[in-house]
Amino acid sequence: MAVAEGKMASRVEPRPRAFHQRPMRYIVGRVFIYLLIIVGGAVSMFPFVWTLMSSGKSVWELTAFPPTLFPQEQIFIENYTRLLTEVPFLVWIRNSAVVTGLNLLGAISSAAIVAYGFSRFQFRGREAWFFIMLTTMMLPGEVTLIPQYLIFHALGWIDTFNPLIVPAYFGGGAFNIFLIRQFFLSIPRDMDESAEIDGANPFQIFFKILLPLSKPVLATAAALGFIGNWNSFMGPLIYLNSPRKFTATLGLRYFSMGATAATIEIGSLQPMENLLMAGSLIVAMPCLILFFVAQKYFVQGIVTTGIKG
Amino acid sequence: MSTMAGEGARIAKAPLDSMTARQKRMERYGYLFISPWLLGFFAFTFIPIAASIFLSFSRYSVLRPPEFIGLTNYRYALLGGDRLMWPSIGRSFRYAVFMVPLALTGSLLVAILLNQKVKGIAYWRTFYFLPTLTPGVASAILWGWLLNPELGLVNYLIGGLGLPTPRWFASPQWALPGIILIGMWGSVGGGSMIIFLAGLQDIPVELVEAADIDGAGRLRKFWNITLPILSPVIFFNLIIGIIGALRVFETAFVATRGGPARATWFISLHIYATAFEYFDFGYAAALAWVLVVIIVSMTVLQFRLAKSWVFYQGA
């Protein structure tokens, strides 16, 4: 704002007095803004830095007072190796990857198909169904949670990945359908109409024309969906019971309660806060990396569904 | 009501009972393509909602078939039979009352800050967004350690300034502020900040220039231009924020398990424990409906209030 204001002031009021005053005020304003940004950024980032540092300390050093920032012994490699060997951490990560991958596959493909139906075909009740779909976005999950659990219980799906994966294949969620439909509506219809004249059927139009043009929105849905799935906690908490089937978030909580491979198999407890720090970082890492890579897709997704919704 | 307009247009061209072959085909394709969602809607939303209404009037713990008991569950919940119910709703509200205004103001300020022309702005935006991407479990664990009353860094810094150090998750008074602190860290730079940022970039330059010509100061421009134009975005973030805050679960579940002395036993924890620890599914369904009624009435209330302060440019 300071820049814009400075420029405008000079345009509107080009008198020498203003010219003399501007640089000092401008510099002070800039310094202030940079200071604020740096302090805020440090507060946002510091817990990560602290966790990273803690993951290289011994338990003894971790509980030393006053706290040290840089680990003195620097046993990073030892800690991370212990984490991967003494705790079934790789199994949990693999479970998360399987659930996230299969869920995303179903969610994105079925949401795209449903969005195609809503955006390209006239049928009786279309607006009513679409409205119902949007209202399900507002519905707090608490009301469907218990009957859903009972349904999956009746199907014998408790302690399997199915409850976390299968529902995604039925429409992929109102949010994704809405996001992809908005994008489909922005693609000119001339394309599919000319393909139709050339004798293409609706499936061919969908796969050969719309999908290839929709890579950005599919990437957006996938990026947001990845974070949602990877970080999800309530679902795995309710449906998964045996430690070997835990996803990464659930495993992390289990681990934080003092459970390690040793407790799971032998039943002994020992302090492992340094490994817990290492584990927290590993679980957080895929989303952080994904965000660095696919930043613009996140922002697009949040903005489209936020503002136009 | 665009349904009417759509139907009307079609009827004008061809009456419904004599649709062309192509229209019939289109209609069939339309339903074919939305059928996955239709099936899913009935299986995972509609039937569960109906079942959940029925369950809320029953006693059910999986072992025996549900038994209809009328309003007993609701009476138990609302009339004080369940000593944990109202206090837990009160806690969720207290959390929302602090969390929503703080997070909304915070994310608006961050958005304004990140809307400045500053070097490396893309990196700064990423840094501010990272806490949002952190799994709730990880941030609860991480902050649990930072807020450790004896060994934590936060108390080390507070003590270093010569201030009294709170006992955070070891004390009933400070546990809720601790949860709010974690919530703030995880949301100030997050989705609502990005939506604010997009809103800020939509402010017409002409308006700002006109205000400059009139000699408006920075605060005046913020009050008379930025805020009114942002008001629909603020409203959107407010609604989402209230719903999210009233459903707070994960941080408290991981960091404190609702303790100490139930100081962070929110309504969502109460529902979870009733259903999945005590397997009292009928009563848990009733509790869930109480929460939904509260959330819906808060949303309706906000929509009422919105008429007096939300300003739509187009309208």
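What counts, and where the lines are drawn
Residues numbered from 1 in each chain as written. Chains lettered and ligands numbered in written order. Predicted model: local features only at pLDDT ≥ 70, side-chain atom pairs only at ≥ 80, totals over all residues. Heavy atoms only, no water. 1 Å grid on protein atoms, 1.4 Å probe; cavity = no way out; pocket = protein on both sides within 12 Å on 5 of 7 lines; lining within 4 Å. Points joined across faces, edges and corners; volume = space filled by probe spheres on them. Helix = DSSP H or I, 4+ residues; strand = E, 2+ residues; numbered from the N terminus. Nonpolar A, V, L, I, M, F, W, Y, C, P; charged D, E, K, R; others polar. Domains from an automatic or database assignment. Contact = heavy atoms within 4.5 Å. Buried area = accessible area lost by both parts, 1.4 Å probe. Salt bridge = Lys/Arg side-chain N within 4 Å of Asp/Glu carboxyl O. Polar contact = N/O pair within 3.5 Å; in protein donor to acceptor, adjacent residues only side chain to side chain. Phe/Tyr/Trp six-rings, centres within 6.5 Å; stacked < 30°, edge-to-face > 60°. Buried < 20%, exposed > 50% of the residue type's maximum accessible area, 1.4 Å probe, protein only. Lys NZ or Arg CZ within 6 Å of the ring centre and 35° of its normal. Axes fitted to C-alpha atoms, helices over the stretch in contact; angles between N-to-C directions. Parallel < 35°, antiparallel > 145°, perpendicular 65-115°, else oblique. Patch = residues over 30% accessible without salt bridge, like charges linked within 9 Å, V, L, I, M, F, W, Y side chains within 5 Å. Areas by Shrake-Rupley, 256 points an atom, 1.4 Å probe, with all protein chains shown as cover.

Here the second largest pocket is characterised by a volume of approximately 870 Å³. Taken together, 29 residues line the second largest pocket, and the ones lying closest to its centre are Leu36 of chain A together with Gly106, Leu109, Val110 and Leu113 of chain B. Listing elements by their share of the lining of the second largest pocket, those giving two or more residues are helix H2 (16-54) of chain A together with helix H4 (85-113), helix H5 (121-133), helix H8 (175-187) and helix H11 (218-246) of chain B. Per element, the largest residue contribution to the lining of the second largest pocket is ten residues, and it comes from H2 of chain A. For the lining of the second largest pocket, the class distribution of residues is 21 nonpolar, six polar and two charged.

Residues and elements named next belong to chain B. Each assigned domain of chain B is listed here: domain 1 (20-75) and domain 2 (79-309). The straight-line distance from the C-alpha centre of domain 1 to that of domain 2 is 32 Å. Taken together, the contact pairs twelve residues of domain 1 with eleven residues of domain 2. When domain 1 packs against domain 2, the two sides together hide about 910 Å² of surface, and 66% of this comes from carbon and sulfur.

Across the contact, 91 residues belong to chain B and 95 residues belong to chain A. A buried area of about 8800 Å², summed over both sides, lies between chain B and chain A, and 77% of it is on carbon and sulfur atoms. Between the two partners, chain B and chain A, sit three salt bridges. Across the salt bridge formed by Glu27 of chain B and Arg124 of chain A, the nearest N and O atoms sit 2.6 Å from each other. In this structure, the connection of chain B to chain A is made through 14 residue pairs in polar contact (both at pLDDT 80 or more). Per element, the largest residue contribution to the side of chain B that touches chain A is 24 residues, and it comes from helix H2 (residues 21-56) of chain B.

Moving on, we come to the packing of aromatic side chains. One pass over the full model with this rule turns up 52 aromatic pairs over all chains. Here the aromatic rings of Phe170 of chain A and Phe44 of chain B are separated by 5.8 Å at their centres, their planes lie at 65°, and the arrangement is edge-to-face. In this pair, Phe170 of chain A is assigned in the loop between helix H8 (162-165) and helix H9 (174-186) and Phe44 of chain B in helix H2, connecting two distinct chains. By relative accessible area, which is 30% here, Phe170 of chain A ends up partly exposed. Phe44 of chain B sits in the buried class, given a relative accessible area of 15%. Above the ring of Phe130 of chain A, the side-chain terminus of Arg181 of chain A is found at 3.9 Å from the ring centroid. The aromatic ring of Trp265 of chain B is capped on one face by Arg262 of chain B, whose charged end is 4.5 Å from the ring centroid.

The amide bond that connects Gly259 of chain B to the next residue, Pro260 of chain B, takes the cis arrangement and shows omega of -10°. Among the secondary structure elements, Pro260 of chain B is positioned in the loop between helix H12 (250-255) and helix H13 (267-276). The phi dihedral of Gln74 of chain A falls on the positive side, at around 55°, and the residue is not glycine. Relative to the helices and strands, Gln74 of chain A resides in the loop between helix H3 (59-62) and helix H4 (76-86). Of note, Asp159 of chain A is a non-glycine position whose phi angle comes to about 65°, a positive value. With respect to the helices and strands, Asp159 of chain A occurs in the loop between helix H7 (142-154) and H8. Residue Asp159 of chain A is classed as buried on the basis of its relative accessible area, which comes to 15%.

Time to look at the packing of H5 of chain B against helix H9 (residues 191-201) of chain B. Residues and elements named next belong to chain B. Orientation of H5 relative to H9, taken along the N-to-C sense of each, is 145°, at an axis distance of 9 Å. Between H5, through Arg125, Phe129 and Thr132, and H9, the contact on the second element is made entirely by Gly191, Ile194, Leu197 and Gln201. Tallied by class, residues from the contact of H5 with H9 come to three nonpolar, three polar and one charged.

A separate point is the packing of helix H12 (residues 215-231) of chain A against helix H16 (residues 273-293) of chain A. Residue and element names in this part refer to chain A. Packing of H12 against H16 leaves a shortest axis separation of 10 Å and a crossing angle of 170°. When the axis of H12 is compared with that of H16, the two are roughly antiparallel. Judged by residue contacts, Ala223, Phe226, Ile227, Trp230 and Asn231 of H12 engage Val283, Pro286, Cys287 and Leu290 from H16. Residues of the contact of H12 with H16, tallied by class, amount to eight nonpolar, one polar and no charged.

The figure often quoted for interface size is the accessible area lost as the parts come together. All names here are of chain A. Entries for chain A in the domain assignment read domain 1 (2-54) and domain 2 (82-307). Each side of the interface is counted separately: domain 1 has four residues, and domain 2 has four residues. Of the roughly 400 Å² buried between domain 1 and domain 2 on both sides combined, carbon and sulfur atoms contribute 87%. Considering only the surface of domain 1 that becomes buried against domain 2, Phe48, Thr51 and Ser54 emerge as the three largest contributors, covering 88% of it. Across the contact surface, domain 1 and domain 2 share zero salt bridges. Among the residues making up the side of domain 1 that touches domain 2, the classes are represented as two nonpolar, two polar and no charged.

Nonpolar side chains collect at one region of the surface, where Val98, Leu102, Leu105, Tyr169 and Phe170 of chain A together with Leu39 of chain B lie side by side and expose about 510 Å² of accessible area between them. Mapped onto the fold, Val98 of chain A is located in helix H5 (residues 89-120).

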